[in-house]
Amino acid sequence: MRLAVTGGKGQVVTALIERAGSRGHEIVPLARPEFDLAQIETIAPLLAASGAQAVISAAAYTAVDKAEAEPDLAFAVNAAGPGALAQAAAELGLPLVHLSTDYVFDGTKAAPYVETDPPHPLGVYGASKLAGEEAVLAAHPAGSAILRTSWVYSPFGANFVKTMLRLAGEREELGVVADQIGNPTSALDIADGVMSVAERLVADASAELRGVFHMTAAGETSWAGFAQEIFAHSARLGGPSARVQPIATAQYPTPASRPANSRLNCDKLARVHGVALQDWRSAIGPVVARLLAPTP
Ligand SMILES: NC(=O)c1ccc[n+]([C@@H]2O[C@H](COP(=O)([O-])OP(=O)(O)OC[C@H]3O[C@@H](n4cnc5c(N)ncnc54)[C@H](OP(=O)(O)O)[C@@H]3O)[C@@H](O)[C@H]2O)c1
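Colleague: Please explain the site of the ligand as it appears in this structure.
Modeller: In the region of the ligand, 29 residues are neighbours, and Gly7, Gly8, Gly10, Ala59 and Val152 sit closest. Contributions of two or more residues to the shell around the ligand are made by α1 (11-20) and β4 (96-101). Within the shell around the ligand, the residues separate by chemical class into 15 nonpolar, ten polar and four charged.

Laid out in structure tokens, this is it:
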């Protein structure tokens with residue numbers, strides 16, 4: 001089927017473009033400058049013209065620290081824009097899969113978060129994404145599935161894996177935060193999960209398939225543990241690696257606070273949609289290998 005996806009060169013939209021063919025789908029990207037979530041009037045006409053059977057809302061203002069200084073833009077792109085997209089999808093009768101984030105939580109829970117836990121964002125990015133969830137569900141309650149994911153990496157765009165490999169080429173030792181834990185998730189696995197959910201929404205109007213779901217890789221680690229795993233794969237492949245010095249969040253101050261516990265419980269997605277992403281440790285190796293491969 002034809003899937004309209006918001007975003008241009010983002011990690012998830014690029015992964016969707018790469019993976020869609022194997023499932024017999026065609027991706028129609030809705031991207032800047034023509035399609036701009038911050039310019040509401042651009043949204044409905046381009047979605048209508050896409051001829052899509054379902055919509056995937058993968059674009060976002062994702063600069064977590066910069067958002068603290070640009071709240072209006074973050075809320076326009078992450079809340080008002082997705083709300084207008086959901087409204088347009090509802091008017092066209094199209095199901096919508098909207099991506100959201102672990103940063104809607106404050107990280108104080110001792111266990112992985114479930115969908116019914118009360119959100120409490122620590123910063124502007126998380127607050128804008130939470131407002132986006134609310135706007136999507138208000139505009140298109142009978143047709144939307146919100147998928148919260150976390151710690152996204154891929155061979156594309158900007159992400160932690162790329163940053164670690166670059167820094168390992170410059171330094172022998174890196175201080176990496178060890179007191180934030182979460183679920184590193186490959187955008188390629190997110191793409192497969194998103195398409196499974198979209199397929200179900202198109203085929204089945206049941207209310208239980210709609211609403212909020214958590215979708216991350218299985219397994220958990222800290223940023224320091226994630227870095228060590230990246231360097232283990234890289235070293236094995238002859239790429240750069242560095243010693244990881246575990247540090248506390250307080251030793252790496254950033255404009256936006258981040259949750260200490262980002263772990264999401266994904267049982268509901270497995271039970272309702274039959275979707276479970278692979279363990280992060282099995283997903284990371286192929287991504288590191290692609291990043292180290294010489295560009296043709
Ligand atoms: N990255 C993470 O660690 C992470 C964690 C949890 C949840 N998420 C969520 O997962 C989803 C996908 O994230 P990602 O990692 O793929 O993000 P990304 O790599 O940062 O890409 C963001 C995408 O949004 C597009 N975009 C930004 N502003 C826009 C605007 N005003 N109008 C239209 N498009 C705009 C960008 O377009 P251009 O290509 O034109 O710049 C880009 O394609 C997002 O909803 C994000 O909130 C991400």
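Colleague: Just to check I follow, could you spell out the pairing of strand β1 (residues 2-6) for this structure?
Modeller: Where a strand is regular, its side chains alternate between the two sheet faces. Taking burial as the measure, the five residues of β1 include four buried ones, the bulk of the element. Sheet analysis places β1 next to strand β2 (residues 26-30), joined by five bridges and oriented parallel. Residue pairing in the sheet places Arg2 in a bridge with Glu26 of β2. This β-α-β element, β1 to α1 to β2, shows right-handed connectivity. Pairing of β1 with strand β3 (residues 54-57), which is carried by three bridges, proceeds in the parallel orientation. Bridged to Val5 within β3 is Ile56.

Colleague: It is not clear to me how the sheet that holds strand β10 (residues 211-214) should be interpreted in this structure. Could you clarify?
Modeller: Note on sheets: strands pair through backbone hydrogen bonds, and any given pair is parallel or antiparallel. Sheet architecture is open: six strands sit in the order β2-β1-β3-β4-β5-β10, paired in parallel fashion. Where the open sheet ends on each side, the last strands, each with one partner, are β2 and β10. Strand-to-strand twist in this sheet, taken as the mean axis angle between neighbours without regard to direction, amounts to 25 degrees. In terms of strand pairing, strand β5 (residues 144-149) meets β10 through four bridges, oriented parallel. In the sheet register, Leu147 faces β10, and the bridge partner there is Phe213. Running over the sheet, α1 touches β1, β2, β3 and β4 and is turned about 155 degrees from β2. Those strands touched by helix α2 (residues 43-50) are β1, β2 and β3, and its axis lies near 165 degrees from that of β2.

Colleague: What should I look at first to understand unusual backbone geometry in this one?
Modeller: For the peptide bond that leads from Arg32 to Pro33, omega is 5 degrees, which places it in the cis range. Structurally, the position occupied by Pro33 is in the loop between β2 and α2. One non-glycine residue, Trp151, adopts positive backbone phi at about 45 degrees. Its place among the elements puts Trp151 in the loop between β5 and β6 (152-153). You can call Trp151 buried: it has 23 C-beta atoms within 10 Å.

Colleague: Honestly, the environment of Gly132 in this entry has me stumped. Any pointers?
Modeller: Following the sequence through the fold, Gly132 ends up in helix α4 (residues 124-139). Remark: the alpha-carbon pair of Gly132 and Ala86, spanning 46 residues in sequence, is separated by 10.0 Å. The residues contacting Gly132, other than those within four sequence positions of it, are Asn78, Ala79, Pro82 and Ser100.

Colleague: I tried to follow the packing of helix α5 (residues 160-168) against helix α7 (residues 223-236) on my own but got confused; where do I start?
Modeller: For any two helices packed against each other, the geometry is given by the interaxial angle and the distance between the axes. Running from N to C, α5 and α7 point in directions that differ by 65 degrees, and their axes come no closer than 10 Å. When you trace α5 past α7, the crossing you get is right-handed. Of the residues in α7, those touching α5 at Phe160, Val161, Met164, Leu165 and Ala168 are Phe226, Ala227, Ile230, Phe231 and Ser234. Its residues placed into classes, the contact of α5 with α7 shows nine nonpolar, one polar and no charged.

Definitions and cut-offs
- Here the residue index of a chain counts from 1 through its sequence in written order.
- Only residues with pLDDT of at least 70 are given local features in this predicted model, and only at 80 or more are side-chain atom pairs given and counted; all residues enter the totals for whole chains, interfaces and linings.
- Only the C-beta atom, placed from the backbone, is used; a residue is near a molecule or strand if that atom lies within 6 Å of it.
- Strands are runs of DSSP state E lasting at least two residues, helices are runs of H or I lasting at least four, and both sets are numbered from the N terminus onward.
- Residues are sorted three ways: Asp, Glu, Lys and Arg are charged, Ala, Val, Leu, Ile, Met, Phe, Trp, Tyr, Cys and Pro are nonpolar, and all the rest, Gly among them, are polar.
- Backbone-placed C-beta atoms define the burial measure: a residue is buried with 20 or more other C-beta atoms within 10 Å of its own, exposed with 12 or fewer, and partly exposed in between.
- In short, DSSP must find at least two bridges between two strands for them to pair.
- By the criterion used throughout, a crossover qualifies as right-handed when its path from the first strand across the helix to the second strand runs clockwise, the strands pointing away from the viewer.
- Where helices are involved, their axes are fitted lines through C-alpha atoms of the stretch in contact, as for all axes, and angles between N-to-C directions lie from 0 to 180°.
- By definition, residue pairs are in contact when their C-beta atoms, positioned from the backbone, come within 7 Å.
- Here a crossing is called left-handed whenever its near helix is offset anticlockwise from the far helix by less than a right angle, and right-handed whenever the offset is clockwise.

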